[in-house]
Amino acid sequence: MNRADFDAASYPWVRQALQQANQALRQAEQADFSGLLAADGEFLPGVAYTRDCPLCDHPAANARQLFRAHGMHIMACAGCGFVYSRDVLLPGAEQARYRQSQSSQANQALKVNEAYRFLEQKKAEYVVGRLAQFSPPATLLDVGCSNGTLLEQARRQAWQTYGIELGETAVQSCLEKGLQVVHGSFPQDLPAHWPAMDAVALFDVLEHLPSPRQSLQQMTACLKQDGLLLVQVPNQRSLLLAIEQQKNNNYCHGHWSYFTPRTLQGLLEEEGFACLHLETYISELDRILAYDDDIVRNAWATLSNETPQLTAEGLWAQDMGYKVFGIFRRR
Ligand SMILES: [Zn+2]
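Just so you know, these numbers come straight off a predicted model, no measurement behind them.

Calculation rules
- Residues numbered from 1 in each chain as written.
- Predicted model: local features only at pLDDT ≥ 70, side-chain atom pairs only at ≥ 80, totals over all residues.
- Helix = DSSP H or I, 4+ residues; strand = E, 2+ residues; numbered from the N terminus.
- Rg over C-alpha atoms; globule rule 2.2 N^0.38 Å.
- Buried ≥ 20, exposed ≤ 12 C-beta atoms within 10 Å, placed from the backbone.
- Contact = placed C-beta atoms within 7 Å.
- Pairing = 2+ DSSP bridges.
- Axes fitted to C-alpha atoms, helices over the stretch in contact; angles between N-to-C directions.
- Parallel < 35°, antiparallel > 145°, perpendicular 65-115°, else oblique.
- Right-handed = clockwise from strand over helix to strand, strands pointing away.
- Core = buried A, V, L, I, M, F, W, Y, C linked by C-beta atoms within 7 Å.
- Left-handed = near helix turned anticlockwise from the far one by under 90°.
- Nonpolar A, V, L, I, M, F, W, Y, C, P; charged D, E, K, R; others polar.

Asker: Quick question: what am I supposed to make of the overall build of the protein here?
Answerer: Looking only at helices and strands, the protein features twelve helices and 13 strands. By the compact-globule yardstick of 20 Å for 331 residues, the protein fits well, its C-alpha radius of gyration being 19 Å. Taking the principal axes of its C-alpha atoms as reference, the protein extends roughly 50 × 45 × 40 Å. Evaluated residue by residue, the protein yields a buried proportion of 39% over its 331 residues. Put simply, 71% of the contacts in the protein that link residues at least 6 apart link residues at least 24 apart.

Asker: Is there a simple way to explain the sheet that holds strand S6 (residues 139-143) in this structure?
Answerer: Sheet strands line up and pair through hydrogen bonds in the backbone, either parallel or antiparallel. Reading across from one edge, S8-S7-S6-S9-S10-S13-S12 is the order of the seven strands in this open sheet, with mixed pairing throughout. Every other strand in the sheet has two partners, leaving strand S8 (181-183) and strand S12 (273-281) as the edge strands with one partner each. Mean inter-strand twist for the sheet, computed between neighbouring axes without regard to direction, equals 15°. Lying on the sheet, helix H5 (residues 149-156) is in contact with S6, strand S7 (160-165) and strand S9 (197-203); it crosses S7 at an angle near 175°. Running over the sheet, helix H6 (residues 168-176) touches S7 and S8 and is turned about 155° from S8.

Asker: Please explain the packing of helix H1 (residues 12-34) against helix H4 (residues 114-132) as it appears in this structure.
Answerer: The relative placement of two packed helices is expressed as an angle between their axes plus a distance between the axes. Direction vectors running N to C along H1 and H4 enclose 130°, while the axes themselves pass 8 Å from each other. When the interaxial angle is binned, H1 and H4 end up oblique. Packed against H1, whose contacting residues are Val14, Ala17 and Leu18, the element H4 presents Glu114, Ala115, Tyr116, Phe118 and Leu119 at the interface.

Asker: What am I meant to see in the pairing of strand S13 (residues 323-330) here?
Answerer: The two faces of the sheet receive side chains in turn, since in a regular strand these alternate between them. With six of eight residues buried, S13 is to be regarded as a mostly interior element. Pairing between strand S10 (residues 223-234) and S13: seven bridges, direction antiparallel. Its bridge partner lying in S13, leucine 230 is registered against isoleucine 327. Where S12 and S13 come together, eight bridges link them in antiparallel fashion. Opposite cysteine 275, over in S13, you have phenylalanine 328 as the bridge partner.

Asker: Looking at this structure, how should I read the environment of leucine 267?
Answerer: Looking at where leucine 267 falls in the secondary structure, it is placed in helix H9 (residues 261-270). Overall, the presence of 22 C-beta atoms within 10 Å leaves leucine 267 in the buried class. C-alpha separation for the pair leucine 267 and leucine 240, spaced 27 residues apart in sequence, amounts to 24 Å. Contact partners of leucine 267, with chain neighbours within four places excluded, come to Leu55, Pro212 and Arg213.

Asker: Would you take a moment to explain the pairing of S6 for this structure?
Answerer: The element S6 is extensively covered by neighbouring structure, given that four of its five residues are classed as buried. With five bridges joining them, S6 and S7 adopt parallel strand pairing. Bridge pairing in S7 links leucine 140 to threonine 161. This β-α-β element, S6 to H5 to S7, shows right-handed connectivity. Alignment of S6 against S9, held across four bridges, turns out to be parallel. Across the sheet, the residue bridging to leucine 140 is alanine 199, located in S9.

Asker: Just checking my understanding: could you explain the nonpolar core for this structure?
Answerer: Burial of nonpolar side chains together is a common tendency in soluble globular proteins. Ranked by size, the top nonpolar core spans 81 residues in total, and within it Val200, Ala201, Leu202, Leu229, Leu230 and Leu239 carry the most contacts. Not counting residues up to four positions away in its chain, the partners in contact with leucine 230 are Val127, Leu131, Ala199, Ala201, Leu202 and Ile327.

Asker: What is the right way to look at unusual backbone geometry in this model?
Answerer: Both trends apply: most residues other than glycine have a negative phi, and most peptide bonds are in trans. Of note, the amide linkage connecting phenylalanine 186 to proline 187 takes the cis form, showing an omega dihedral of 0°. Looking at the secondary structure, you find proline 187 in the loop between S8 and S9. Phi is positive for histidine 70, which is not a glycine, with a value near 50°. Here histidine 70 shows up in the loop between strand S2 (64-69) and strand S3 (72-76). Despite not being glycine, serine 146 shows a phi value in the positive range, around 55°.

Asker: Quick question: what am I supposed to make of the packing of H4 against H5 here?
Answerer: In the contact formed by H4 and H5, the axes pass within 9 Å of each other and the chain directions differ by 50°. As the angle between them shows, H4 and H5 are arranged oblique. Once H4 is placed against H5, the crossing between them reads as right-handed. Contacts from Glu120, Gln121, Ala124, Glu125, Val127 and Val128 in H4 reach Thr149, Leu150, Gln153 and Ala154 in H5. Its residues placed into classes, the contact of H4 with H5 shows five nonpolar, three polar and two charged.

Asker: Teacher, can you tell me more about the sheet that holds S3 here?
Answerer: Read across the sheet, four strands follow the order S2-S3-S4-S11 without closing on themselves; strand pairing throughout is antiparallel. The strands lining the two open edges of the sheet, one partner per strand, are S2 and strand S11 (257-258). Across three bridges, the pairing between S3 and strand S4 (residues 83-85) is antiparallel. The partner of isoleucine 74 across the bridge, within S4, is serine 85.

Given below as structure tokens:
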């Protein structure tokens, strides 16, 4: 098991193969963003609402604004330090974004790309390997299971797998693989006859939820006592984000909360989970090294007092990878 196996920066051919699909996605996102924004860059009336810190409820009015991105005011909470978007799309605009937006189509086009699937497969092998360190094969639910790569890999390792997914094309592709997957939202569309789960996977889910704490409590309800929760979120403390800040595509409609390893672990411990495994992965080293050396070193210094080690391993040793991954046990 090695994080380098699915690190896009280690595969120049993957970057090359994904260039076009990534560009198309960025263009589609820009078109979707601008459809919701007024000339001054704020959201049009009736599109979004404002909220306080989703982790501690401290008022947004007292938070420090880090920057603005596509109408979103990105705040650092004065109470707990959590970084979040003050502005969140209202349910109607949010659902339209998932169901029929240009970016949801471009996103699906990216996910069926062979190079993308190559990396996802390698990552699924890694994640299921990590899971096996803490549990024999049992029941696994993947919330937001996309094309089912993780479920397929878990099934190969004798797990009994279940999935729920909002994207219709993705659900179709799961069903073609013979996976037990339903179309819809969690938890309201979860079939009542499915069992309580031994493990639940939330990959790139928590950052999308307007109320991550409440949603987490709902997800915990279908997890057995002592069951495992696998979580992946974008890492707000990654070196690439420290360099690019509001220019990074992580700050987009749909990403409302920005976790670090520390804030993710803190939330889960408050909600009754014990942390078994926590790390960052995906270095984005090639994107980082495309910047001038002084920009990279200045960004590093905002995150760590250690001497910069500009290798994938050096970033991971400092928890500066692009994604946070953790395994937690329900107590
Ligand atoms: Zn807070």
